[in-house]
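Descriptive structure summary
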Amino acid sequence: MSQESLEHRNKRTLRKLLIWALAMFGFAFAMVPFYNVICDITGLNGKTSSTASTEGPSRTVEDRTVTVEFITQRGKGVNGDFMSATRRVKVHPGEITLVNFYASNPKSSDIVTQSIPSVTPGEAARYLHKTQCFCFDQQTLGAGERKEMPMIFYLDPELPPHITTLTLSYTIFDVTDRVAATKNTVINNNAVAR
């Protein structure tokens, strides 16, 4: 085989490898938003909607009761309290229910928090509709502040009959540094644009 033919084959192989590497990178990059869309549509992995339900329940199923349990957890760096006013409620599918959560900030400076919800069993996530939730937005807690944070929800009347108990878990995170970094980036970008 000639030197020129070997060099041509090597270049072609290198080109194919680069195309494959770029394709794999693009596929991996696209998987995150694709996964989020699938979870939103199917309720897989207990991921709940991050927006308020704009429609109310179509009806209330009075002859059925479902237990909804609440678990709260603090993420790394959160020192204050985070809890629900009640650990468990019994609701009828279609019944609008209010549960209050409380968070406190024992620090001497303000913090910004974000709460991330999860539902177990994961199948139930698509049937949990929140009309108001502290988890939709970041919450600022002043120094020494204790804050009441309401969550209003209902279970879809079409909740499968085998689901008699579901657990709604929230983990609260301190996102103060991330929010400050984002604000600084925006300020810097605006200064450069001028």
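Cut-off values and rules
Residues numbered from 1 in each chain as written. Predicted model: local features only at pLDDT ≥ 70, side-chain atom pairs only at ≥ 80, totals over all residues. Heavy atoms only, no water. UniProt positions renumbered as here; feature names shortened; annotations may be inferred. Pairing = 2+ DSSP bridges. Helix = DSSP H or I, 4+ residues; strand = E, 2+ residues; numbered from the N terminus. Axes fitted to C-alpha atoms, helices over the stretch in contact; angles between N-to-C directions. Contact = heavy atoms within 4.5 Å. Phe/Tyr/Trp six-rings, centres within 6.5 Å; stacked < 30°, edge-to-face > 60°. Buried < 20%, exposed > 50% of the residue type's maximum accessible area, 1.4 Å probe, protein only.

Identification of the protein chain as Cytochrome c oxidase assembly protein CtaG from Alloalcanivorax gelatiniphagus is taken from an unreviewed UniProt entry. We quote the UniProt Sequence similarities (unreviewed entry) comment for the protein chain here in full: "Belongs to the COX11/CtaG family." Under the Function (unreviewed entry) heading, UniProt states for the protein chain: "Exerts its effect at some terminal stage of cytochrome c oxidase synthesis, probably by being involved in the insertion of the copper B into subunit I."

**Brief notes about the sheet that holds strand E2 (residues 82-84)**
Strand order in the open sheet formed by 4 strands is E2-E4-E8-E6, with antiparallel pairing between adjacent strands. In the strand order of this sheet, the two ends are held by E2 and strand E6 (128-133), each with one partner. Between one strand and the next, the sheet's axes are offset by a mean angle of 25 degrees, whatever the strand orientation. Two strands pair when backbone bridges link them, and E6 and strand E8 (residues 146-155) are joined in this way by 5 bridges, in the antiparallel orientation. When the bridges of E8 are listed, His129 appears paired with Tyr154.

**Description of the side chain of Asn100**
Within the secondary structure, Asn100 is located in strand E4 (residues 97-104). Setting aside its immediate chain neighbours within four residues, Asn100 contacts Ser84, Ala85, Glu148, Met149 and Pro150.

**Details of the packing of aromatic side chains**
Any two aromatic rings considered together are summarised by their centre-to-centre distance and by the angle between their planes. Tallying each qualifying case throughout the model produces 7 aromatic pairs. Measuring from centroid to centroid gives 6.2 Å for Phe82 and Phe134, while their planes differ by 80 degrees, and the two rings are edge-to-face. Here Phe82, found in strand E2, pairs with Phe134, found in the loop between E6 and strand E7 (139-141); they are 52 residues apart in sequence, far enough to count as distant. An identical accessibility class is assigned to Phe82 and Phe134; each is buried.

**Regarding the pairing of strand E5 (residues 111-120)**
With 7 of 10 residues buried, E5 is to be regarded as a mostly interior element. Where E5 meets E7, 3 bridges bridge the pair, whose relative direction is antiparallel. Bridged to Ile111 within E7 is Leu141. Two elements, E5 and strand E9 (residues 165-174), share 8 bridges in a ladder whose sense is antiparallel. Considered in E9, the bridge of Pro117 is made with Tyr170.

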